[in-house]
Amino acid sequence: MEDLKKILLAGIGSIAYTYEKSSKVIEDLVQKGKLSIEEGKELSSELKKNIKNSSDEISEKVIPLTKKELYILLEDMQFASKLQVQELKNEISSLEERIKLLEEKLK
């Protein structure tokens, strides 16, 4: 669940970053005289509108999942469960122990 939150926050962060960079480019163009102040305001307004529409579309597509739906999704994506990870850790520990015993016998 925490990873899904991070992915969502990364998406929001990238939208904010894009807005900041685009605003800076517009501001630079106005300062260099390549855009009039009015054109800069218009572009900035259009940029805000487009970003708001994009974030609204994302919000509409994000639907809350039940715990069961989340488990099914993670299973479909072939993520290991905590139990599976623990079993693998136990098996690795067992194999390490067996290797250690074999090494001692060879000495």
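Note that the structure is predicted; figures quoted are calculated from it, not measured.

1. Description of the overall build of the protein chain
Counting its secondary structure elements, the protein chain contains 4 helices and 0 strands. Beginning at the N terminus, the succession of helices and strands in the protein chain can be written as α-α-α-α. Rg of the C-alpha trace for the protein chain: 26 Å, well past the compact-globule value of 13 Å for 107 residues, more than 25% over. Taken along the three principal axes of its C-alpha coordinates, the protein chain extends 85 × 40 × 15 Å. When the 107 residues of the protein chain are sorted by exposure, 7% land in the buried category. Carbon together with sulfur atoms contributes 59% to the accessible area of the protein chain, which is approximately 9,900 Å² in total. Averaged over its 19 positive side-chain charges, the protein chain has a centre that lies 4 Å from the centre of its 21 negative ones.

2. Quick look at the pattern of salt bridges
The final tally for this structure, using the stated rule, is 1 salt bridge. With a closest N to O distance of 3.3 Å, D28 and K24 form a salt bridge. Of this pair, D28 and K24 are both found in helix α1 (residues 2-31), 4 residues apart, which corresponds to roughly one turn of the helix. Classification of K24 by relative accessible area gives partly exposed; the value is 45%.

3. Section: a negative patch on the surface
Where like charges cluster on the molecular surface, the negative patch consists of E38, E39, E42 and E46. Secondary-structure assignment places E46 in helix α2 (residues 37-61).

4. Observations regarding the environment of E75
Summarising the element assignment, E75 is placed in helix α3 (residues 67-76). A relative accessible area of 62% means that E75 is categorised as exposed. The sequence separation of E75 and L102 amounts to 27 residues, and the corresponding C-alpha distance is 37 Å.

5. Observations concerning the confidence of the model for the protein chain
On average, residues of the protein chain carry a pLDDT of 82, and 95% of them reach 70 or more. Ranking the helices and strands of the protein chain by mean pLDDT puts helix α4 (residues 82-106) first, with 94, and α1 last, with 77.

Conventions we followed
Residues numbered from 1 in each chain as written. Predicted model: local features only at pLDDT ≥ 70, side-chain atom pairs only at ≥ 80, totals over all residues. Heavy atoms only, no water. Helix = DSSP H or I, 4+ residues; strand = E, 2+ residues; numbered from the N terminus. Rg over C-alpha atoms; globule rule 2.2 N^0.38 Å. Buried < 20%, exposed > 50% of the residue type's maximum accessible area, 1.4 Å probe, protein only. Areas by Shrake-Rupley, 256 points an atom, 1.4 Å probe, with all protein chains shown as cover. Lys, Arg positive; Asp, Glu negative; His and termini not counted. Charge placed at Lys NZ, Arg CZ, Asp CG, Glu CD. Salt bridge = Lys/Arg side-chain N within 4 Å of Asp/Glu carboxyl O. Patch = residues over 30% accessible without salt bridge, like charges linked within 9 Å, V, L, I, M, F, W, Y side chains within 5 Å. pLDDT = per-residue confidence, 0-100.

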